[in-house]
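# Summary of structural features
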Amino acid sequence: MKQLFTLLVLGFCSVLNAKEIPSKVSSVTVFQSRAEITRTASADLPQGEQELVFTGISTQIDPNNIQVKGTGNLVILGISFRQNYLNESALPADLQKIKDQIDGLDLAIKKLTNEKSAYDAERKLMEANQQIGGNQQNITLEQLKSIAAYYNQRMAAMANAQLDLQQQITLKNEELRKLRAHYNDRTAQFSQNSGEIVVTVDAKAATKANLELVYMVHAAGWRAEYDLRAEEVDAPLNLTYKAIVTQSTGENWSNVKLILSTGDPNVSITKPNLDPQYVDFYYANQNVMMKGTASYAPSTNDMRSAAPLGDEIMEEVAVEQLEFASETKTLYTNYTIERPYSLNSGEKPLTVTIRDQQVQADYEYQAVPKLRNRVFLIAKAKNWGELVLLPGPMNVFFEGGFVGKSYMNPNVTADNLAISLGYDPGITIERMLVTDLSSKKDIGTNQKEAYAYEILIRNNKKKDIKVMIQDQIPVAKHADIKVETVVVGGEGKLDEKTGEITWTVDVPTAKQVKRQFSFEVRYPKGQNVSGL
């Protein structure tokens, strides 16, 4: 019994030594599929060992990635995370306002329904008293006419009033449905249990402690999006680099310092190692052939799905122009937004402008008439590797108008980044088979097919242009198939390995230029050949 009493006292003392510490989110570093939260707090601590409990923590936390730093006369003994199944997260002010609107609409609908029911009761009462003259022999004709007129007038008024009330009820029900749908989407996370970080400290004496908690959470991230504007040919490109930020962590970010990072914590930093690749005999009844092995295995972080972000692009987003400062590390870049930034959990994605920058570019007209009779304007951005860009969708504008959507892929290895600005209707191009020079006939044991093509390009613009035209001849994949007697006119360059032909053609204004090429294919009689 004495031992049990001692344990109860110790347990009670342990509860007394636990102290809840209020804290606030002061800084957030958002990665592509995670976020690093920094919370700050201060408290007056008595001497001795005690537990400091920080509440309202996201349950999306990575419990293995929590750091605590502090100042004061204390030693940090341990850090742990736990879930509080008893306390639900408090609703933020904006959601409480929506809840109040829902309650108000619900009450208004009930009042309107009561009014409509009152008219129903009055109508039934009047209908029950229609037989007026049965027992009242002394009623006059004029009185009967007056009562009938009142009856008709009142019944019509009640019917119209009920119609108006029903219309109001229908409109308010639709408004209530939309508000409830929005409220339910936003509040799902607040009905879940909240998290707590428990920090065990030993204060050597009564002290003022300033603490900083840093932890990683899922269900947050950002993706890149771009606006590319070209005002005219030969002018620099204007590139707007934007971030679409989302978070459903269960924590609200209110007036925090925001940092957008191109780093990706999901990617393993461990270099893979090669094991010997053994060659051995195998038999037909074996189910598995081992081609090689490797000692590297993906970590859980490698296989974990990133926070979904691609679907929100179709949602309405709020756009905010913000000042920023960038800090380029060896392997990643951080963009720090200089003014405070807010984003509540579960809100619609927010678009943040990271940077507006002019990019030098060369412009070139290109055409592939075999695939499409259009001439496209291509901008080749210079020194794009210095911009530190991420892949992402891109809206393209030319001469003040929206051209279409493209995709920024900075992972290409070319010196210049080629971006299509759309086709130019002021330039026409056409590819035609020259039937007089094309034929199919037998020669001994072989069959020969001859093809000749003509490409016509016309410049309807008010200035001279230069166009790169691409076409091709077939490449044989079998020794018995011969592609020969290739004629390429107009200083075209032929890549014999790929069969691609390239011309760079000067086309004066209001003029037409022609280019031709031809080839022959020989193969044994009786064989069917594809690719012609």
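Cut-offs used in this document
Residues numbered from 1 in each chain as written. Predicted model: local features only at pLDDT ≥ 70, side-chain atom pairs only at ≥ 80, totals over all residues. Heavy atoms only, no water. Helix = DSSP H or I, 4+ residues; strand = E, 2+ residues; numbered from the N terminus. Buried < 20%, exposed > 50% of the residue type's maximum accessible area, 1.4 Å probe, protein only. Contact = heavy atoms within 4.5 Å. Areas by Shrake-Rupley, 256 points an atom, 1.4 Å probe, with all protein chains shown as cover. Salt bridge = Lys/Arg side-chain N within 4 Å of Asp/Glu carboxyl O. Phe/Tyr/Trp six-rings, centres within 6.5 Å; stacked < 30°, edge-to-face > 60°. Lys NZ or Arg CZ within 6 Å of the ring centre and 35° of its normal. Pairing = 2+ DSSP bridges. 1 Å grid on protein atoms, 1.4 Å probe; cavity = no way out; pocket = protein on both sides within 12 Å on 5 of 7 lines; lining within 4 Å. Points joined across faces, edges and corners; volume = space filled by probe spheres on them. Core = buried A, V, L, I, M, F, W, Y, C linked by side-chain atoms within 4.5 Å. Expected span 1.5 Å × (residues − 1). pLDDT = per-residue confidence, 0-100.

### A short note on the overall build of the chain
Per the secondary structure count, the chain includes four helices and 28 strands. Counting across all 532 residues of the chain, residues that qualify as buried make up 35%. Once local pairs closer than 6 in sequence are excluded, the contacts in the chain between residues at least 24 apart make up 75%. Looking at the chain as shown, the accessible area adds up to about 32,500 Å², and 50% of this sits on carbon and sulfur atoms.

### Concerning the environment of glycine 221
Mapped onto the elements, glycine 221 comes out in strand β9 (residues 220-230). Assessed through its relative accessible area of 0%, glycine 221 is described here as buried. For the pair formed by glycine 221 and threonine 246, sequence separation is 25 residues and the distance between their alpha carbons is 5.7 Å.

### A few points about the pattern of salt bridges
As enumerated under the stated definition, the model contains 23 salt bridges in all. The salt bridge involving arginine 154 is made with glutamate 122; its shortest N-O contact spans 2.8 Å. One end of the pair, arginine 154, is in helix α3 (residues 141-187); the other, glutamate 122, is in helix α2 (residues 93-128), with 32 residues separating them in the sequence. Note that glutamate 225 is salt-bridged to arginine 223, the shortest N-O span being 3.3 Å. Glutamate 225 sits in the buried class, given a relative accessible area of 12%.

### Thoughts on the packing of aromatic side chains
Inspection of every chain in the model, using the stated rule, returns eight aromatic pairs. Relative to tyrosine 241, the ring of tyrosine 226 has its centre 5.1 Å away and its plane inclined at 15°; by these criteria the two rings are stacked. Linking tyrosine 226 in strand β9 with tyrosine 241 in strand β10 (residues 237-247), this pair joins segments that are 15 residues apart in sequence. Here tyrosine 241 falls in the buried class, since its relative accessible area comes to 1%. Here the aromatic rings of phenylalanine 397 and phenylalanine 402 are separated by 5.4 Å at their centres, their planes lie at 65°, and the arrangement is edge-to-face. In this structure phenylalanine 397 comes out as buried when scored by relative accessible area, which is 19%. Positioned above the aromatic ring of phenylalanine 397 is the side chain of arginine 229, whose terminal nitrogen or guanidinium carbon lies 4.2 Å from the ring centre.

### Quick word on the sheet that holds strand β27 (residues 500-507)
Spatially, the six strands line up as an open sheet ordered β20-β17-β16-β24-β27-β26, and their pairing is mixed. Edge positions in the open sheet fall to β20 (417-423) and β26 (493-494), since each of these has one partner strand only. Alignment of strand β24 (residues 465-472) against β27, held across eight bridges, turns out to be antiparallel. When the sheet's bridge partners are listed, isoleucine 465 is paired in β27 with valine 507.

### Comments concerning empty space enclosed by the protein
Taken as a whole and judged by the stated rule, the model has two cavities of 30 Å³ or more. Empty space within the largest cavity amounts to approximately 50 Å³. Leu228, Leu237, Leu239, Val359, Ala381, Trp384, Leu387, Leu389, Met408, Leu417 and Ile419 together form the lining of the largest cavity. Within the residue set of the lining of the largest cavity, elements represented by two or more residues are β10 and β20.

### A short note on the pairing of strand β2 (residues 24-30)
With five of seven residues buried, β2 lies mostly within the body of the structure. Across six bridges, β2 lies against strand β3 (residues 35-45) in antiparallel orientation. The residue bridging valine 25 from the neighbouring strand is arginine 39, located in β3. In this antiparallel pair of consecutive strands, β2 and β3, the connection spans four residues. Examined bridge by bridge, β2 and strand β11 (residues 253-261) share four bridges and lie parallel to one another. What sits directly across from serine 27, in β11, is lysine 257.

### Let's talk about the nonpolar core
One finds Trp222, Val245 and Trp253 to be the most contacted residues of the largest nonpolar core, which totals 86 residues. At six residues, the largest contribution of residues to this core is made by β9. Excluding anything up to four places from it in sequence, tryptophan 253 contacts Val25, Val28, Val30, Ala35, Ile37, Ala220, Val245, Gln247, Tyr341, Ser342 and Leu343. One finds Leu95, Leu105, Leu112 and Tyr183 within the second-largest nonpolar core, a separate group that totals 11 residues.

### Digging into unusual backbone geometry
Despite not being glycine, alanine 219 shows a phi value in the positive range, around 60°. Mapped onto the elements of the fold, alanine 219 is located in the loop between β8 (207-217) and β9. Of note in this structure, aspartate 234 is not a glycine but carries a positive phi near 80°. Residue class for aspartate 234 comes out exposed when judged on its relative accessible area of 63%.

### Considerations on the environment of methionine 468
Within the secondary structure, methionine 468 is located in strand β24. Distance in space between the C-alpha atoms of methionine 468 and glutamine 366 is 4.7 Å, their sequence separation being 102 residues. If near-sequence neighbours (up to four positions away) are discounted, methionine 468 is found in contact with Glu364, Tyr365, Gln366, Ala367, Thr502, Trp503 and Thr504.

### Here's the deal with α2
The first and last C-alpha atoms of α2 sit 53 Å apart over 36 residues, in line with the 52 Å expected at 1.5 Å per residue. When we look at burial in α2, the residues that qualify are Leu95, Ile98, Ile102, Leu105, Ile109, Leu112 and Met126.

### With respect to the confidence of the model for the chain
Here the chain shows a mean pLDDT of 81. Residues at 70 or above account for 82%. Contacts from residues 1-16, a stretch scored under 50 in pLDDT, to residues over four places away or in other chains number zero contacts.

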